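Descriptive structure summary
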Amino acid sequence: MSDSLPSTTDDWAFFLDIDGTLIDIAPTPDAVVVPHDLPGILDRLSQRTGGALALLTGRDLDTVDRLFAPFTLPAGAIHGTQLRFADGEVAIPSESPALAGIRERLGAFVAGRPGMLLEDKGTALAVHFRADPTAHDAVEREVRDAAAAGGADLTVQPGKAVFEIRPAHADKGRALATFMDSPAFAGRRPVAIGDDVTDESMFAEATRRGGQAFRVGAAQAGSFAHKAFDDPAGVRAWLAGLAA
Ligand SMILES: O=P(O)(O)OC[C@H]1O[C@H](O[C@H]2O[C@H](CO)[C@@H](O)[C@H](O)[C@H]2O)[C@H](O)[C@@H](O)[C@@H]1O
Ligand SMILES: [Mg+2]
């Protein structure tokens, strides 16, 4: 099977990661910049595919909508936990009861540590340490201990200068499968684009369904995705071409 990027929207369903794929990595989650024309390009692609474009992201749904306003695209937010379908229907699980205590614990952990940042996404909590890479091991230990104390409903999601605690029942691969079984996506071939370990489940599922998976940045041994883009600017240029 060819591993070249789709050059048309015909028959394809698009699954796009956000941070590090559509937009450049920034020092903090709030500091990202969405190029002014990107939301419109995604909306045009969505229309051209009959709604078969979903953002699969670690971000929460409210943040996705703020970043890509005025459009509200199909999305699998918080790593596939919160789903919004092409018809606008939304499925959001309730918060694990254990998260309240973990939120307090991680809040106390980052307090007084200027290189760390707690991102509260409601059903998930992320401890960022981009400003202090030496904190990697301490953050991982604390987040894994906190998650273990929270029980089997929760799991640890590593990422780029971040460890998160998120619901265990979902991931981007399962979200991709759910979208592919929904009316706007059914019958198309999935193409998944991502940059990080959280994207591997959607890469695997897209490949399993006879689709394609492409990675932004360096090729990764053992990854289901082919390297296709050096950076998010390359992804945006490809999408702009498809939407033109
Ligand atoms: O699945 P994604 O759309 O790639 O989201 C993954 C996480 O992205 C965000 O954190 C990352 O990007 C930040 C902004 O560039 C950066 O400062 C941070 O170091 C990265 O880990 C977001 O804040 C997380 O909630 C997402 O899970
Ligand atoms: Mg990413």
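Because the structure is predicted, anything quoted here is derived from the model rather than measured. (Residues numbered from 1 in each chain as written. Chains lettered and ligands numbered in written order. Predicted model: local features only at pLDDT ≥ 70, side-chain atom pairs only at ≥ 80, totals over all residues. Heavy atoms only, no water.)

Remarks on the sheet that holds strand β7 (residues 125–128)
If you walk across this open sheet you meet the four strands as β6-β7-β9-β8, and the pairing is antiparallel. Here the strands that pair on one side only, and so sit at the sheet edges, are β6 (117–120) and β8 (154–159). Pairs of neighbouring strands in the sheet enclose a mean axial angle of 20 degrees, with direction left out of account. Bridge count between β7 and strand β9 (residues 162–167): four bridges; the pairing is antiparallel. The residue of β9 that forms the bridge with His128 is Val162. (Pairing = 2+ DSSP bridges. Helix = DSSP H or I, 4+ residues; strand = E, 2+ residues; numbered from the N terminus. Axes fitted to C-alpha atoms, helices over the stretch in contact; angles between N-to-C directions.)

Things to note about the sheet that holds strand β3 (residues 75–76)
To summarise the sheet geometry, strands pair through backbone hydrogen bonds and adopt either a parallel or an antiparallel arrangement. Strand order across the open sheet formed by eight strands is β5-β4-β3-β2-β1-β10-β11-β12, with mixed pairing between neighbours. A strand with exactly one partner marks an edge of an open sheet, and here the two such strands are β5 (90–91) and β12 (226–229). Bridge count for strand β1 (residues 12–16) against strand β2 (residues 53–56) is three bridges, and the pairing is parallel. Paired with Phe14 across the two strands is Leu53, which belongs to β2.

Here we look at helix α8 (residues 232–243)
Quick reminder: α-helices carry 3.6 residues per turn. Residues three or four places apart thus point the same way. Between its first and last C-alpha, α8 extends 16 Å over twelve residues, near the 16 Å set by a 1.5 Å rise per residue. Those residues of α8 not exposed but buried are Pro232, Val235, Arg236, Trp238, Leu239, Leu242 and Ala243. Taken end-on, α8 shows its buried residues confined to a sector of 160 degrees, consistent with a single buried face. Those residues of α8 that are buried lie in contact with β1, α1 (38–48), β10 (189–194), β11 (212–216) and β12. (Expected span 1.5 Å × (residues − 1). Buried < 20%, exposed > 50% of the residue type's maximum accessible area, 1.4 Å probe, protein only. Arc of directions from axis to C-beta. Contact = heavy atoms within 4.5 Å.)

Notes on the domain arrangement of the protein chain
The assigned domain composition of the protein chain is domain 1 (12–81 + 170–243) and domain 2 (97–167). One C-alpha centre belongs to domain 1, the other to domain 2; they are set 24 Å apart. Counting residues at the interface gives 17 residues for domain 1 and 14 residues for domain 2. For the pair domain 1 and domain 2, the two sides together bury roughly 1200 Å², of which 58% comes from carbon and sulfur. Considering only the surface of domain 1 that becomes buried against domain 2, Pro29, Ile78 and His79 emerge as the three largest contributors, covering 35% of it. Counting every contact that joins domain 1 to domain 2 gives one salt bridge. The salt bridge partner of Asp195 is Lys160, with a shortest N-O separation of 2.6 Å. There are four residue pairs in polar contact (both at pLDDT 80 or more) connecting domain 1 and domain 2. Per-class residue counts for the side of domain 1 that touches domain 2 are seven nonpolar, five polar and five charged. (Domains from an automatic or database assignment. Buried area = accessible area lost by both parts, 1.4 Å probe. Salt bridge = Lys/Arg side-chain N within 4 Å of Asp/Glu carboxyl O. Polar contact = N/O pair within 3.5 Å; in protein donor to acceptor, adjacent residues only side chain to side chain. Nonpolar A, V, L, I, M, F, W, Y, C, P; charged D, E, K, R; others polar.)

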